[in-house]
Amino acid sequence: MTVATVGVHIVDILTRPVERIPEGQDTVLVDQIRLTAAGAAAGTAVDLVKLGNDVITMGAIGDDELADFLLMVLAKRGVDASRLVRRTGEQTAASILPIRPDGGRPSFHVPGANLSVTYADLDADVLRRAGAIHLGGMDVTFGLGDPAFFELLDSVRSSGTIVTMDLLSEMPDLLGMARAFLPHVDYVLPNEAQALLMTGEQDAESAARALLADGPLGVLVTLGASGSLVVTEAGTEHVPALKTDVSDTTGCGDAYCAGFLTGLLHDRDVPTAARWGTAAAARVATGLGSDAGLTDLESTLSLL
């Protein structure tokens, strides 16, 4: 069963550990530098493949060397990137992330071609045949807020396709626009800051309840080291994080989405699928970059 990821594709350039930006022309030696396929669609796609899924990804990239690298990495990881659209004259989205010793990740980011994605860029026939669709970063791919795309999502959901969605930014205006997707998805997975900014609520559970009222079947709010909050009409459950040696938190949210969706595709209930997501995030936190530490489903579930 194919999973389609739709949305944000980024090249991440990461280095650790970084305690300061050097003055002038000074050089600071670091332990590691990596380039990875990242973003709420590309990073999640790589993790989904590692967890045993067949994955095709859709979105827009530039016509530059970063795009060449991104396509190479996605192919190497087993992701079908044949439906990615290359924009002439545009830059591929990229981030530079100097990772702090505690795993924190400030960033420098160019949004690039992600901002130009529209429904016309997607292969609707492939989406109709997918067993699941993950929408990654609908707050910044706002061109996908198209009634025709909403109609397609409603159609595939009525046929049994699972639709999940997560977000990228912490910009209130963009997050507010992303709420338009909620009646057309099954599960939305914001982090705590995003949930609060989207709703204006003061705590994660109230925010999740407000988002649930917009129409999805469930809202899963990731809480960093505190785990996640799972809210459905059946009730609220807190899923604790797993203890792990944190090297870098980049991509933990993408891994959580991949683990959660994999759990659903294995017919697990929502709280159990959230624990699969928690385990995937814990694996990724042990290395540098959005796919580090995650190898396969069996070793991931061994953490539970």
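Up top you'll find the structure we're talking about.
Residues numbered from 1 in each chain as written. Predicted model: local features only at pLDDT ≥ 70, side-chain atom pairs only at ≥ 80, totals over all residues. Heavy atoms only, no water.

*Asks:* What is the right way to look at the overall build of the protein in this model?
*Replies:* Along the protein, the regular secondary structure elements total ten helices and 14 strands. Taking the principal axes of the C-alpha coordinates as reference, the protein spans close to 55 × 45 × 40 Å. Residue burial in the protein is summarised as follows: out of 304 residues, 54% are buried. Long-range contacts, defined here as pairs at least 24 residues apart, represent 69% of the contacts in the protein between residues at least 6 apart. As displayed, the protein offers around 12600 Å² of accessible surface, 51% of which is attributable to carbon and sulfur atoms. (Helix = DSSP H or I, 4+ residues; strand = E, 2+ residues; numbered from the N terminus. Buried < 20%, exposed > 50% of the residue type's maximum accessible area, 1.4 Å probe, protein only. Contact = heavy atoms within 4.5 Å. Areas by Shrake-Rupley, 256 points an atom, 1.4 Å probe, with all protein chains shown as cover.)

*Asks:* Would you mind going over the nonpolar core with me for this structure?
*Replies:* Note on soluble globular proteins: their nonpolar side chains tend to be buried together. Counting residues in each nonpolar core, the largest one holds 44 residues, and the members touching the most others are Val55, Leu74, Val79, Leu220, Phe260 and Leu264. Among the secondary structure elements, those contributing two or more residues to this core are helix H1 (42-50), helix H2 (65-77), helix H8 (252-265) and helix H9 (270-284). At eight residues, H8 tops the list of elements feeding residues into this core. Leaving out residues up to four positions away in the same chain, Leu264 has contacts with Ile162, Tyr187, Val270 and Ala273. Counting 43 residues, the second largest nonpolar core, distinct from the first, contains Ile133, Met138, Ala208 and Val221. (Core = buried A, V, L, I, M, F, W, Y, C linked by side-chain atoms within 4.5 Å.)

*Asks:* What is the right way to look at the packing of aromatic side chains in this model?
*Replies:* In this description, an aromatic ring pair is defined by two values, namely the gap between the centres and the angle between the planes. Scanning the model with the defined rule gives three aromatic pairs in all. A ring pair is formed by Tyr119 and Phe149, whose centres lie 5.7 Å apart and whose planes are at 35°; its orientation type is tilted. Note that Tyr119 is positioned in the loop between strand S8 (108-110) and helix H3 (124-129) and Phe149 in helix H4 (residues 147-158), a separation of 30 residues in sequence. Phe149 sits in the buried class, given a relative accessible area of 0%. Ring geometry for Phe150 against Phe181: centres 5.0 Å apart, planes inclined by 90°, an arrangement best described as edge-to-face. One end of the pair, Phe150, is in helix H4; the other, Phe181, is in the loop between helix H5 (172-178) and strand S11 (187-188), and 31 residues separate them in sequence. A residue is classified by how much of its surface remains accessible, and Phe150, at 12% relative accessible area, is buried. The exposure class assigned to Phe181 is buried, which follows from its relative accessible area of 2%. (Phe/Tyr/Trp six-rings, centres within 6.5 Å; stacked < 30°, edge-to-face > 60°.)

*Asks:* How do you make sense of the pattern of salt bridges when you look at a structure like this?
*Replies:* Proximity of charged atoms lets side chains of opposite charge pair with each other. This structure, assessed with the given rule, holds ten salt bridges. A salt bridge links Arg179 to Asp214; the shortest N-O distance between them is 2.8 Å. Taken as a pair, Arg179 in the loop between H5 and S11 and Asp214 in the loop between helix H7 (204-212) and strand S12 (218-222) lie far apart in primary sequence, 35 residues in all. Across the pair Glu237 and Arg275 runs a salt bridge whose closest N-O atoms are separated by 2.6 Å. Here the residue Glu237 occupies a position in strand S14 (residues 235-239), and Arg275 occupies one in helix H9, the gap between them amounting to 38 residues. We classify Glu237 as partly exposed; its relative accessible area is 29%. Judged by relative accessible area, which is 30%, Arg275 ranks as partly exposed. (Salt bridge = Lys/Arg side-chain N within 4 Å of Asp/Glu carboxyl O.)

*Asks:* Would you explain the pairing of strand S4 (residues 54-58) in this entry?
*Replies:* Successive residues of a regular strand alternate their side chains across the two faces of the sheet. Taken across its five residues, S4 has four buried, putting it largely inside the fold. Here strand S1 (residues 2-7) pairs with S4 via five bridges, running parallel. Counterpart to Val3 in the pairing with S4 is Val55. (Pairing = 2+ DSSP bridges.)

*Asks:* Please clarify how a nonpolar patch on the surface should be interpreted in this entry.
*Replies:* Taken together, the side chains of Val28, Val30, Ile33 and Leu35 make up a nonpolar region of the molecular surface, amounting to roughly 310 Å² of accessible area. Residue Ile33 is classed as exposed on the basis of its relative accessible area, which comes to 57%. (Patch = residues over 30% accessible without salt bridge, like charges linked within 9 Å, V, L, I, M, F, W, Y side chains within 5 Å.)

*Asks:* Please explain the packing of helix H6 (residues 192-199) against H7 as it appears in this structure.
*Replies:* To characterise two packed helices, one gives the angle between the axes of the helices and the distance between these axes. For the pair H6 and H7, the least separation of the axes is 9 Å and the interaxial angle reads 60°. When the axes of H6 and H7 are compared, the pair comes out oblique. You can see that H6 and H7 cross each other, and the crossing is left-handed. On H7, the residues touching Glu192, Ala195, Leu196, Met198 and Thr199 of H6 are Ala204, Ala207, Ala210 and Leu211. (Axes fitted to C-alpha atoms, helices over the stretch in contact; angles between N-to-C directions. Parallel < 35°, antiparallel > 145°, perpendicular 65-115°, else oblique. Left-handed = near helix turned anticlockwise from the far one by under 90°.)

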